[in-house]
Every structure is written in structure tokens, then in C-alpha cells.
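Residues per chain, in single letters:
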Amino acid sequence: MIEFKRVFKEYDNKITAANDFNITIKQGEFVYVVGPSGAGKSTFIKMMYREEKPTSGQIKINKFELGKIRDRDVPFLRREVGVVFQDFKLLPKLTVFENVAYALQVIEKAPAEVKARVERVLNLVGLADKADTFPDELSGGEQQRIAIARAIANKPQILIADEPTGNLDPRTANDIIKIIERINKQGTTIVMATHNSAIVNKYKHRVIEIDDGRVIRDQKRGGYKDESNNL
Ligand SMILES: Nc1ncnc2c1ncn2[C@@H]1O[C@H](COP(=O)(O)OP(=O)(O)OP(=O)(O)O)[C@@H](O)[C@H]1O
């Protein structure tokens with residue numbers, strides 16, 4: 001469960017990126033976050049895994065009240081919230097296997113357990129045969145699949161994705177969304193910021209639209225036309 005109550009976020013330059021957000025997302029929901037560039041989508045998402053702190057208001061992620069958790073508890077929050085980025089953020093000097101295992105080793109699991117779990121998530125994203133390759137030997141779509149495998153390695157209840165298809169061609173983007181759909185069908189909450197109106201209109205889910213730091217629409221199973229993306 002994700003709960004924002006009267007959340008405001010103002011940056012030092014006085015830009016209000018979140019202006020009174022009151023949003024509840026239930027476990028298992030799939031939510032798109034849409035809106036023009038600079039609207040506040042990334043800020044909204046970053047506050048969910050405590051990359052940014054709100055200026056005021058209350059954010060609850062499952063049992064964690066983010067205003068109250070101590071820095072040393074942040075890793076426990078991050079176990080419940082997997083994150084995927086537009087630019088993949090894989091570690092270039094590690095193999096695919098090591099990139100995914102890294103997330104698990106941080107929390108000291110036994111080697112056999114790590115191996116089994118990495119193999120399982122690489123299978124889930126269809127890349128079990130790439131375990132020993134390095135990220136720069138893979139296509140963008142494959143790198144994003146690895147990043148998704150890494151994000152779900154710890155079995156998070158929530159998967160957050162900030163423009164996960166932003167660097168991908170339409171067909172590869174569609175493949176990535178199918179994987180994210182599958183993860184959602186297994187019960188994981190998905191919150192995905194995107195400019196990709198084709199995806200939003202094809203796979204219908206709740207749409208939260210942000211403009212200039214305000215939630216201007218919150219619609220169950222809504223479509224979307226992104227005016228900023230007509231090139
Ligand atoms: N670290 C920061 N310091 C100062 N201002 C920031 C910071 N991060 C974001 N902003 C400002 O807050 C506003 C919202 O930015 P945010 O990145 O959340 O938008 P966005 O909707 O994700 O945009 P995009 O689609 O381009 O990624 C923008 O005006 C941005 O310039």
C-alpha cells in the first residue's frame with residue numbers, strides 16, 4: 001500500500017514539484033503516472049523510495065512511515081520497493097549474473113540461494129542464457145530486462161519504474177511492458193511514470209496525471225494522449 005497525505009515538495013529553487021498530493025495505491029494495482037516534462041512525475045516516484053523527502057505531509061509505504069524511518073532502516077524499505085530507471089543503471093564491470101546477485105548479496109543470502117534466485121528472475125525476463133555476459137554486450141531492451149530482474153530479485157511488493165521504455169524502440173518497449181504486466185499479475189504493485197501514450201492506451205490501467213506539481217486527473221483504466229510527445 002502506498003499512501004500520500006497532504007504531501008508538498010518544494011526544491012531549494014522554490015519550484016513546487018508536489019502540491020498537496022493525496023493519493024492511495026492499493027497492493028496489486030498498476031498505475032501510470034503521466035504528464036509533461038517537468039510536471040513532477042519523477043519527484044512523486046522518488047519520494048516513494050525516499051530518494052527525495054517531502055517538504056511536508058505524510059507518506060506511508062506498507063508499514064513504513066517515511067517521515068519517521070531512520071536512515072539505517074532505508075535498506076529495509078528498499079527491499080519492499082524495486083526500482084527501474086530509463087537508463088537501466090547496470091554496473092558495467094559486473095556480469096549480468098553479478099548485477100542481479102548484487103542486490104541479493106547486499107542482504108547476505110547464502111550463495112546457493114542467491115544462485116537459484118538469480119536464475120529464476122533471469123528466466124522470468126527471458127535472459128537465462130545471458131548470465132555470463134556484460135551489460136555493454138547487450139541491446140537496450142536486454143539491458144532493461146536485466147534491470148527489471150535486478151529490481152524484482154528481492155521479491156519486492158512494489159515495483160517503481162521511471163520511464164522504463166524511454167530509451168527503447170516501440171517493439172522493444174512493448175516487450176518490456178509485457179514483462180511488467182506479468183510481474184503485476186503475480187501480485188506486485190506497479191507505479192510507472194511514462195510519456196508512452198501508445199502503451200497507456202493499449203494496456204489499460206489507472207492513470208494519475210500530474211501537471212505543474214498538481215494531480216489534475218486520477219482515473220481508473222483511463223487512456224492518455226501525451227501532447228508533449230508528438231515528434
Ligand atoms: N533536485 C532538484 N532540484 C531542484 N529542482 C528540481 C530537482 N528535481 C526536479 N526539480 C524541478 O521540479 C520539477 C519537477 O521535476 P520532475 O523531475 O519531478 O518532473 P518530471 O515530470 O519527472 O519530468 P520529466 O518527464 O522531464 O522527467 C521541475 O521543475 C524540475 O526542474
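Above this note sits the structure.
Residues numbered from 1 in each chain as written. Predicted model: local features only at pLDDT ≥ 70, side-chain atom pairs only at ≥ 80, totals over all residues. Heavy atoms only, no water.

Considering the nonpolar core
Soluble globular proteins tend to bury their nonpolar side chains together.
1) Next: Formed by 42 residues in total, the largest nonpolar core has its most connected members in Tyr32 and Met192.
2) Next: Within the residue set of this core, elements represented by two or more residues are strand 3 (30-34), helix 3 (96-105), helix 4 (111-124), helix 5 (140-152), strand 7 (158-162), helix 6 (170-185), strand 8 (189-193) and helix 7 (197-202).
3) Next: What methionine 192 contacts, discounting residues up to four positions off in sequence, is Phe30, Val31, Tyr32, Val33, Ala161, Pro164, Ile177, Ile180 and Ile199. (Core = buried A, V, L, I, M, F, W, Y, C linked by side-chain atoms within 4.5 Å. Buried < 20%, exposed > 50% of the residue type's maximum accessible area, 1.4 Å probe, protein only. Helix = DSSP H or I, 4+ residues; strand = E, 2+ residues; numbered from the N terminus. Contact = heavy atoms within 4.5 Å.)

Some details on the site of the ligand
1) Next: Inspection of the region around the ligand gives 13 residues, with Ser37, Gly38, Lys41, Ser42 and Thr43 positioned closest.
2) Next: The side chain of histidine 195 places a nitrogen or oxygen atom 3.1 Å from an oxygen atom of the ligand.
3) Next: Across the complex, the protein chains shield 65% of the 640 Å² of accessible surface that the ligand would expose by itself.
4) Next: The dominant element in the shell around the ligand, judged by the number of residues it contributes, is helix 1 (residues 41-48), at three residues.
5) Next: The residue makeup of the shell around the ligand, split by class, is five nonpolar, seven polar and one charged. (Near = heavy atom within 4 Å. Polar contact = N/O pair within 3.5 Å; in protein donor to acceptor, adjacent residues only side chain to side chain. Areas by Shrake-Rupley, 256 points an atom, 1.4 Å probe, with all protein chains shown as cover. Nonpolar A, V, L, I, M, F, W, Y, C, P; charged D, E, K, R; others polar.)

Looking at the side chain of asparagine 99
1) Next: One can find asparagine 99 in helix 3.
2) Next: One polar contact links the side chain of asparagine 99 to the main-chain amide nitrogen of leucine 91, over a distance of 2.7 Å.
3) Next: With residues near it in sequence (within four places) discarded, asparagine 99 still touches Leu90, Leu91, Leu94, Pro135 and Arg150.

Focus: the packing of helix 5 against helix 6
1) Next: Between helix 5 and helix 6, the least distance of the axes is 10 Å, while the angle of their chain directions is 15°. With respect to their mutual orientation, helix 5 and helix 6 come out roughly parallel. Where helix 5 crosses over helix 6, the handedness of that crossing is right-handed. Touching Gly141, Gln144, Arg145, Ile148 and Ile152 of helix 5 are Thr172, Ile176, Ile179, Ile180 and Ile183, all from helix 6.
2) Next: Along the lines of polarity and charge, the residues of the contact of helix 5 with helix 6 split into six nonpolar, three polar and one charged. (Axes fitted to C-alpha atoms, helices over the stretch in contact; angles between N-to-C directions. Parallel < 35°, antiparallel > 145°, perpendicular 65-115°, else oblique. Left-handed = near helix turned anticlockwise from the far one by under 90°.)

So far we have only geometry, and geometry alone does not tell us how the molecule works.
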